[in-house]
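Architecture and fold: a report
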Amino acid sequence: MPESARELITGIKDELDTLVDLHSHSTSGIASMSYQAAIEAGVDILDTAMSPFALGTSQPPTESVVAAIAGTPRDTGIDLITLREARNFCLKLREKYGGILDPISERVDSDVLIYQLPGGMISNLVSQLKEQDALDKMGAVLEEIPRVRKDLGYPPLVTPTSQIVGTQAVFNVLIGGERYRNVTNEVRDYVRGLYGRPPGPISDEIRKLIIGDDPVITVRPADLLEPTYEKMKEQAIAEGLVRKEEDVLTYILYPAIAPSFLRGERQPEALIPLAKQAASANPDILNAMEVEVDGEIFNVRILSIGGAAVSATATPAQKIPRGDIQGGVKSNMQGMVLEVAVGRGSEVKKGDLLVVLEAMKMENPIHSPVEGKVSEIYVDVGDVVQSGDVLLVVE
């Protein structure tokens, strides 16, 4: 709030000889007012965004802030004509990436004032729920987030812990039933102490529910890590994946899926211009279908409709069964297979890890519901599955 910004900055300036930088998002519609209060209180730096990418879940516009204080004692000395060159460059970038910008993230949303969520977190929630075809559950997720945050000892809602809290809230809502029935690996790591000590206490009940009897780490988490860069670089070079240094980092960050991209076996998904998305904005127009050609089934995604502009992509449909199969273990949401932890014929106990999915930027482990033997596996690393797809069979 503006008055809080004024009091906080004034207090810091009274006590410390240091620069103060204010960073805020515009989702609530209040950031520009807070920036003005901060200016009057003596703030040294304001974080802004060039106007094509400003407001909504982003920051106030750079050009507007510069113009507002021009000719005052706080004049930045920045020339608006010079800024216009940067603004025009950003306009071109916005055109290029406009197809992945969600209008919901560009609006003022007064719910932020109630749920106290940072703007970037709302952007992620919108993206995650759209991915799961569950945008109608946004209200329930917003109500669940404060509960999850309290359970986890009030982690700060900034990256990465905001994503950890938000994704777990989505899981709790979408999967239904008992809360924390499905827990991401990141939440387990957080409760174990791998992100450091939580600001507040985590109850024994919640800790037991999430990590069972696993011990909580009390040392500095980074001290437990072994150096891996040179080792994984050597692996990546041996597999013929490295053409430039950043390929090593890509391999380290995404060891399950990076190899197929770095070998050229997979291609990045094309950015679809906004004009070509017009058809899919109409719910009466199909944007995907399955077709059969010479006995082989293809998934076809329609990119645009209208005269010569029609284009589509077709890939062989994954032969992943759906429905009820004796002993079938199903995916509980859309995601990509990161790991298949068992093989055909493997003996598993109830609770053993079977598959790890990447869902909503988090690792979603799928555990065996029963003791038995793995008789069928229908997925492989890199496969994209939908909620309800049968991943494997345990009998």
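Definitions and limits used
Per chain, the residues get numbers from 1 upward, laid out in the order the sequence is written. Given that the model is predicted, a residue must reach a pLDDT of at least 70 before its local features are reported, and side-chain atom pairs must reach 80 or more before they are shown or counted; all residues, however, enter totals for whole chains, interfaces and linings. Based on all heavy atoms of the structure, the side-chain values leave hydrogens and waters out of the count. Remark: nonpolar core denotes a set of buried residues (Ala, Val, Leu, Ile, Met, Phe, Trp, Tyr, Cys) joined through side-chain atoms within 4.5 Å. Exposure is judged per residue with a 1.4 Å probe applied to protein chains only, and the accessible area is read against the type maximum: over 50% gives exposed, under 20% gives buried, and values in between give partly exposed. Put simply, DSSP H or I for four residues or longer makes a helix, DSSP E for two residues or longer makes a strand, and each gets a number counted from the N terminus. Only heavy atoms matter for contacts: two residues are in contact if any of them lie within 4.5 Å across the pair. Strands pair, by our definition, only if DSSP identifies at least two bridges between them. Fitted lines through C-alpha atoms serve as axes, helices being fitted only where they are in contact, and the angles separating the N-to-C directions of these axes extend from 0 to 180 degrees. A patch consists of residues exposed above 30% relative accessible area that lack any salt bridge, with like charges linked at up to 9 Å and nonpolar side chains (Val, Leu, Ile, Met, Phe, Trp, Tyr) linked at up to 5 Å. Accessible surface is estimated by sampling points in the Shrake-Rupley manner with a 1.4 Å probe; for residues, cover comes only from the protein chains shown. By definition here, a salt bridge exists when the distance from a side-chain nitrogen of Lys or Arg to a carboxyl oxygen of Asp or Glu is within 4 Å. Scored between 0 and 100, pLDDT is the confidence that the predictor attaches to each residue. Think of it this way: a Phe, Tyr or Trp ring, Trp meaning its six-membered ring, pairs with another when their centres are within 6.5 Å, and the plane angle makes it stacked under 30 degrees, edge-to-face over 60, tilted otherwise. Roughly parallel means an angle under 35 degrees; roughly antiparallel means over 145; roughly perpendicular covers 65 to 115; every other angle is labelled oblique. For a crossing to be left-handed, the near helix must be turned anticlockwise from the far one by less than a right angle; the clockwise case is right-handed. Asp, Glu, Lys and Arg are counted as charged, while Ala, Val, Leu, Ile, Met, Phe, Trp, Tyr, Cys and Pro are counted as nonpolar; the rest, among them Gly, fall into the polar class.

For the rest of this paragraph, the subject is the nonpolar core. Core analysis: the largest hydrophobic core is formed by 29 residues, its most contacted members being Leu117, Leu125, Ile145, Leu152, Val191 and Ile210. Counting only elements with at least two residues in this core, the list comes to helix 6 (119–131), helix 7 (138–151), helix 8 (161–175), helix 9 (185–192) and helix 10 (204–211). Leaving out residues up to four positions away in the same chain, Ile145 has contacts with Leu117, Met121, Leu125, Val165, Gly166 and Ala169.

The subject of this paragraph is the sheet that holds strand 12 (residues 384–385). The 4 strands lie next to each other as 10-9-7-12, forming an open sheet whose pairing is antiparallel. With one partner strand each, in any of the chains shown, strand 10 (362–367) and strand 12 form the two edges of the open sheet. Lying on the sheet, helix 8 is in contact with strand 9 (353–359) and strand 10; it crosses strand 10 at an angle near 40°. Relative to the sheet, helix 9 contacts strand 9 and strand 10, its axis offset from that of strand 10 by approximately 100°.

Moving on: a nonpolar patch on the surface. There is a patch of nonpolar side chains on the surface, built from Phe89, Leu93, Tyr97, Ile100, Leu101 and Leu271 and spanning about 530 Å² of accessible area. Looking at where Leu271 falls in the secondary structure, it is placed in the loop between helix 13 (258–262) and helix 14 (278–281).

To continue, consider the confidence of the model for the protein. Summarising the model, the protein shows a mean pLDDT of 85, and 87% of its residues fall at 70 or more. When the criterion is pLDDT under 50, residues 306–317 qualifies, and its contacts beyond four places in sequence or with other chains add up to 26 contacts.

The next subject is the packing of aromatic side chains. Summed over the entire model, instances satisfying the criterion amount to 1 aromatic pair. For the pair Tyr190 and Tyr195, a centre-to-centre distance of 6.4 Å together with 45° between the ring planes defines the contact as tilted. Take Tyr190: its relative accessible area is 4%, and that puts it in the buried class.

What follows covers the pattern of salt bridges. Enumeration over the complete set of coordinates arrives at 17 salt bridges. Note that Arg220 is salt-bridged to Asp223, the shortest N-O span being 2.7 Å. The same class applies to Arg220 and to Asp223, which are both exposed. Lys233 is the partner of Glu245 in a salt bridge, and the nearest nitrogen-oxygen pair spans 3.8 Å. Of this pair, Glu245 sits in helix 12 (residues 245–253) while Lys233 is found in helix 11 (residues 229–238), placing the two residues 12 residues apart along the sequence. Residue classification places Lys233 among the partly exposed residues on the basis of a relative accessible area of 23%. Three or more residues are tied together by salt bridges with common partners; here these are Glu144, Arg147, Asp151 and Arg179.

For the pair helix 9 and helix 10, interaxial distance at closest approach is 9 Å and the crossing angle is 135°. In terms of orientation, helix 9 and helix 10 fall into the oblique class. The two elements helix 9 and helix 10 meet at a crossing, and its hand is left-handed. For the pair helix 9 and helix 10, contact is made by Val187, Arg188, Val191 and Arg192 and by Arg207, Ile210 and Ile211, respectively. Its residues placed into classes, the contact of helix 9 with helix 10 shows 4 nonpolar, no polar and 3 charged.

In this section: the packing of helix 7 against helix 8. Helix 8 packs onto helix 7 with a crossing angle of 120° between their chain directions and a minimal axis gap of 8 Å. Considering the angle they form, helix 7 stands oblique to helix 8. The interaxial crossing formed by helix 7 with helix 8 has right-handed handedness. Mapping the contact onto sequence places Ala140, Val141, Glu144, Ile145, Val148 and Arg149 in helix 7 and Val165, Gly166, Gln168, Ala169, Val170, Asn172 and Val173 in helix 8.

As a further point, take the sheet that holds strand 13 (residues 390–394). With respect to topology, 4 strands assemble into an open sheet ordered 6-13-11-8, the strand pairing being antiparallel. With partners counted over all chains shown, the strands left at the sheet margins are strand 6 (328–330) and strand 8 (347–348), one partner each. Relative to strand 11 (residues 372–377), strand 8 runs antiparallel, the two being bridged by 2 bridges. The residue bridging Val348 from the neighbouring strand is Gly372, located in strand 11.

Inspection of the secondary structure assignment puts Ser260 in helix 13. Beyond its immediate chain neighbours, meaning those up to four positions away, Ser260 contacts Glu265 and Arg266.

Among the 5 residues of strand 13, 5 are classified as buried, and the element is accordingly described as predominantly covered. Both strand 6 and strand 13 contribute to a ladder of 3 bridges, which runs antiparallel. If you follow Val329 over to strand 13, its bridge partner there is Leu392. Sheet topology note: the strand 11/strand 13 ladder contains 3 bridges and is antiparallel. In the sheet register, Val374 faces strand 13, and the bridge partner there is Val394.

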